[in-house]
Amino acid sequence: MSGPHRLLASHRGVRKPRLSGVTTSKVATMSDIPADVIVYGILTRVPAKTAVQSKTVCKQWCALLSTRDFERAHSSQSSVPNNQRTLLLDDLSFHVHPMDFETGEYGPHSVLPLPFQGVKKEVWILANLDGLLCVCLSQTHELLLWNPTTAAYRHLATPAGHGVYEDNADTVGLYSNPSNDYNLLHLTRRSGVLAAHIYSRQQGNWRKIAFKTNPAYHTRKFCWSPATLCAGTLYFTICECWVVGRNVVIGFDTSTEQVTEISFPHVPSSGIFQGVLVTVRNSLHMVLWTGREYMSLSLWALQGQNWVRLLSTPAVPPIPLSLWMTITHYMTNGRFIVMRNSRKVFEIRVDTKAVDCYYACSWFRGYIGAVYAETLVSPFAVA
């Protein structure tokens, strides 16, 4: 018999002596602690997968862990760097890496199986929020909401044609409202006509809204970026051409559902002219580069309706930077990580001299993907 079992056996049947004049107090056990205290005081701080497993403890725990209140509380606790994961896609499989957003290093990967039908390389990641991803199955053009942590997913396409995504014509944006209802804004352009629909997770349906913009933006001459969520507003960049033409930012207020237009920063343009939006400390920023063979890069912050330049670099040697960006992520040590569709990552340093601010790095070579937090956020309605 091993040590702990032998020790336990040696105490069986042995009555502990009671000290004279000393009363024993009742020791609190888990059964003495109210379930809601355990759930909200403890389980909101455990990893999402542990919280999912805790639903099997009893019916009361399962009910408490399945509410919107718990989902929101756990999600707010999960939005720390240690819970960030990098989902990367190669031609064969999805890989998930834990990532340290202070050093830029990432841990050993694990393979993530797809719970829905589809070939890995035919899955497009369009948007992410609070651990919930909006993806498109390129073969069927269906939109899905998917939580890669819990493996739950929901098809959004309907027989009426809602939730069907067309590449190079449509764009999407994920956001949540104060009642913790996750919504997906889907903008479509068909035959020069722009239509806007919002999917409600709680209602499980689509509704059409007005989305008033310049009719010229409805044509295929303009390219719309995926949305960047910042302080309750979804922002899109709209570019007529990467060499010449109009470039604007469109803002969609998720509370009032009103649309505003914001000019690009006033920078002399020569050759390529493109900006990528990113949220830094709840403030909208733009990484903007101009040039042709030699690119100049600048970082701008939106203050009111005006852009304020924070830094700029001199022209740097030619960098084969793709015009189609899939990830721009701010790291806590003062760096931006930018991933392009041609599956290479570039790093922009904002804490060094200007000449050293922009260079390519080899992380994640051969992958595309998204950065997300491990949460319990469900693609289905919760009570």
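Everything discussed here concerns the structure shown above.
The text that follows walks through the structure, step by step, so that each part is easy to find. Fair warning: this is a prediction, and the values are worked out from it, not measured in the lab.

The next point concerns the sheet that holds strand 4 (residues 123–129). What the 4 strands build is an open sheet, ordered 4-5-6-7; its pairing is antiparallel. Here the strands that pair on one side only, and so sit at the sheet edges, are strand 4 and strand 7 (153–155). For this sheet, the mean inter-axis angle between neighbouring strands, taken without regard to orientation, is 25°. The pairing of strand 6 (residues 142–146) with strand 7 spans 3 bridges and is classified as antiparallel. Residue L144 lies in a different strand from strand 7, and its bridge partner there is H155.

Now for the pattern of salt bridges. Scanning all chains against the criterion turns up 8 salt bridges. E71 is paired through a salt bridge with R201; the nearest N and O atoms lie 3.0 Å apart. Taken together, the residues E71 in helix 5 (residues 68–78) and R201 in the loop between strand 10 (193–200) and strand 11 (205–209) connect sequence positions 130 residues apart. Here the two residues E71 and R201 agree in accessibility, since each one is buried. Residue R220 is joined to E166 by a salt bridge in which the shortest nitrogen-to-oxygen separation is 2.6 Å. Here R220 is found in the loop between strand 11 and strand 12 (223–224), whereas its partner E166 is found in the loop between strand 7 and strand 8 (171–176), with 54 residues between them in sequence. Relative accessible area serves as the criterion here: at 28%, E166 is assigned to the partly exposed category. Salt bridges here are not isolated pairs; linked through shared partners, they connect E166, D170, R190 and R220.

Here is what the cut-offs are and how they apply
- Residues numbered from 1 in each chain as written.
- Predicted model: local features only at pLDDT ≥ 70, side-chain atom pairs only at ≥ 80, totals over all residues.
- Heavy atoms only, no water.
- Pairing = 2+ DSSP bridges.
- Helix = DSSP H or I, 4+ residues; strand = E, 2+ residues; numbered from the N terminus.
- Axes fitted to C-alpha atoms, helices over the stretch in contact; angles between N-to-C directions.
- Salt bridge = Lys/Arg side-chain N within 4 Å of Asp/Glu carboxyl O.
- Buried < 20%, exposed > 50% of the residue type's maximum accessible area, 1.4 Å probe, protein only.

Interpretation in functional terms is not warranted from these geometric data alone.
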